[in-house]
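Here are the chains, one letter per residue:
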Amino acid sequence: MTAAPSRSAAPQGGAVSDKSLDWLGQQILKNRFIPRPSADRVFVGDGDFLLIGVEFLNWFVRLGNLKPSDRVLDIGCGIGRMALPLTQYLEAGSYDGVDIVADGVDWCTQNITSRYEKFRFHHLDLGHAIYNPAGKKATVDLRLPFADGSFDFVFMTSVVTHFHADDVRAYAREIRRVMAPGARLFFTAFMLNAPAREGLRAGKGAYSFDGAALEPEIYADPANPLAGVAFDENYLLASFLAVGLRRNQQAVYGRWSGRATPGPSFQDINVLGIDPSIRPASPAIATPRGP
Ligand SMILES: C[S@@+](CC[C@H](N)C(=O)[O-])C[C@H]1O[C@@H](n2cnc3c(N)ncnc32)[C@H](O)[C@@H]1O
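Residues numbered from 1 in each chain as written. Predicted model: local features only at pLDDT ≥ 70, side-chain atom pairs only at ≥ 80, totals over all residues.

(A) Here's a closer look at the overall build of the protein. A count of helices and strands for the protein gives 7 helices and 9 strands. Against the compact-globule benchmark of 19 Å for 291 residues, the protein has a radius of gyration of 19 Å, which places it among compact chains. A separation threshold of at least 6 residues defines the contact pool for the protein, and within that pool the share at least 24 residues apart is 68%. (Helix = DSSP H or I, 4+ residues; strand = E, 2+ residues; numbered from the N terminus. Rg over C-alpha atoms; globule rule 2.2 N^0.38 Å. Contact = placed C-beta atoms within 7 Å.)

(B) Just the nonpolar core, in detail. By size, the foremost hydrophobic cluster in this structure holds 74 residues, and its most contacted members are Ala83, Leu86, Cys108, Phe151, Val154, Met179 and Leu185. Those residues in contact with Leu185 that lie beyond four places of it in its chain are Val154, Ile175, Met179, Leu245 and Leu272. (Core = buried A, V, L, I, M, F, W, Y, C linked by C-beta atoms within 7 Å. Buried ≥ 20, exposed ≤ 12 C-beta atoms within 10 Å, placed from the backbone.)

(C) Representation of the environment of Gln110 in the model. Inspection of the secondary structure puts Gln110 in helix H4 (residues 102-113). Here Gln110 falls in the exposed class, since 12 other C-beta atoms lie within 10 Å of it. Sequence-wise, Gln110 and Phe121 are 11 residues apart; in three dimensions their C-alpha atoms are separated by 9.9 Å.

(D) Main features of the packing of helix H1 (residues 18-30) against helix H2 (residues 49-62). Following both chains from N to C, one finds H1 and H2 inclined at 160°, their axes separated by 10 Å at the closest point. Accordingly, the angle class assigned to the pair H1 and H2 is roughly antiparallel. The two elements H1 and H2 meet at a crossing, and its hand is right-handed. The segment H1 lies against H2, with Leu21, Gly25, Ile28 and Leu29 engaging Leu50, Leu51, Val54, Leu57, Asn58 and Val61. In the contact of H1 with H2, the residues fall into 8 nonpolar, 2 polar and no charged. (Axes fitted to C-alpha atoms, helices over the stretch in contact; angles between N-to-C directions. Parallel < 35°, antiparallel > 145°, perpendicular 65-115°, else oblique. Left-handed = near helix turned anticlockwise from the far one by under 90°. Nonpolar A, V, L, I, M, F, W, Y, C, P; charged D, E, K, R; others polar.)

(E) Quick peek at the packing of helix H5 (residues 165-178) against helix H7 (residues 233-241). Taken N-terminus to C-terminus, the directions of H5 and H7 make an angle of 30°; their axes are 8 Å apart at the nearest point. As summarised for this structure, H5 and H7 are arranged roughly parallel, according to the angle between their axes. When the axes of H5 and H7 are compared, the crossing they make is right-handed. Between H5 and H7, the contacting residues are Val168, Arg169 and Ala172 on the first element and Leu236, Ser239 and Phe240 on the second.

(F) Layout of H1. Across its 13 residues, H1 extends 19 Å between first and last C-alpha, which sits within 8% of the 18 Å expected from 1.5 Å per residue. Among the residues making up H1, those that are buried are Leu24, Gly25 and Ile28. Looking straight down H1, one finds its buried side chains confined to an arc of 105°; they lie on one side. Away from its buried face, by an angle of more than 90 degrees, H1 presents the exposed residues Lys19, Asp22, Gln26 and Lys30. Along its buried surface, H1 packs onto H2 and helix H3 (83-86). (Expected span 1.5 Å × (residues − 1). Arc of directions from axis to C-beta.)

(G) Spatial organisation of the pairing of strand S4 (residues 151-156). Among the 6 residues in S4, 6 count as buried, and that is most of the element. Examined bridge by bridge, strand S1 (residues 71-75) and S4 share 3 bridges and lie parallel to one another. Paired with Leu73 across the bridge in S4 is Val154. By the bridge criterion, 5 bridges tie S4 to strand S5 (residues 179-192) in an arrangement that is parallel. The residue of S5 that forms the bridge with Phe151 is Met179. After leaving S4, the chain enters H5 and then returns to the sheet as S5, a path that is right-handed. (Pairing = 2+ DSSP bridges. Right-handed = clockwise from strand over helix to strand, strands pointing away.)

(H) Region of the structure containing unusual backbone geometry. Of note, Asn65 is a non-glycine position whose phi angle comes to about 55°, a positive value. With respect to the helices and strands, the residue Asn65 is situated in the loop between H2 and S1. Although it is not a glycine, Ser158 sits at a positive phi angle of roughly 60°. For Ser158, a count of 20 C-beta atoms within 10 Å puts it in the buried group.

(I) Structural view of the environment of Ala170. Here Ala170 is to be found in helix H5. A residue is classified by how many C-beta atoms lie within 10 Å of it, and Ala170, with 21 of them, is buried. Sequence-wise, Ala170 and Asn132 are 38 residues apart; in three dimensions their C-alpha atoms are separated by 18 Å. If sequence neighbours within four positions are ignored, Ala170 has contacts with Thr139, Val140 and Leu142.

(J) Focus on H4. Within the span of H4, buried status applies to Gly104, Val105, Trp107, Cys108, Asn111 and Ile112. Down the axis of H4, the buried set is contained in an arc of 160°. They therefore lie on one face. More than 90 degrees from the buried face of H4, the exposed residues found are Ala102 and Gln110. Packing partners of the buried residues in H4 comprise H3, strand S2 (94-99) and strand S3 (119-123).

Here it is as structure tokens:
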């Protein structure tokens, strides 16, 4: 077996400075011991596999205040693109990833859990027209295999872009249930708002979404809807507000739509937290009673 990569000098507990985060990113990109799946096994999109993971480590820390001690849940973990850089950052913390593609989960277990025991990967056999057509259960009936309040940081990168609105609502309910007090939810999406629609109508978008469409959920390719889904921003946000989450900060809008003033990422980035003024309504997320 390949030797385990050397762990970073990421500080424990509190926030990490921009300088040490930049340094850590450079170390990860240079680290030849970090395992990578062969190109023919990668099913999560194009681009430089490790570079994209390092980019998102930056966003997790800078926008989502991810700490080395956080307990992290990665929904739609794919084949470890986000997990690999996190092995060099999460020290006292832990990581759980869930995905519906068994091959990705197997690769991660064999190549990441074998070196980092606090990184665990779980297969969910949920149906999806592209990623798991023979899946036995529907995402709307989802129950994540974790106890209430288990995580400090939950993320979904390039996953909501492959969901219908019902799937988003099911995950929002379960995410809220597993979030600990003070936890953050970080997710990327294609969000339709006035500047995004304008960019799409001008033909500047990266995909063929129809900027004139009035529906709250639209597809880049209507013949293959789940290949790329964009949501009206307020409609999407309502699914998370309904379960007691709120926006911690303004979204960072990306380049995908061809909007006039894009931020530095490709997809739009959202960071939500628990709204302390809303008590959980569902028994599934009610605070357990004492003895
Ligand atoms: C474009 S890939 C992104 C993977 C990963 N988040 C990344 O950025 O490398 C979309 C991922 O979402 C996963 N996925 C789709 N539907 C899912 C569901 N209902 N539950 C969990 N994962 C799902 C797919 O299997 C796939 O790994």
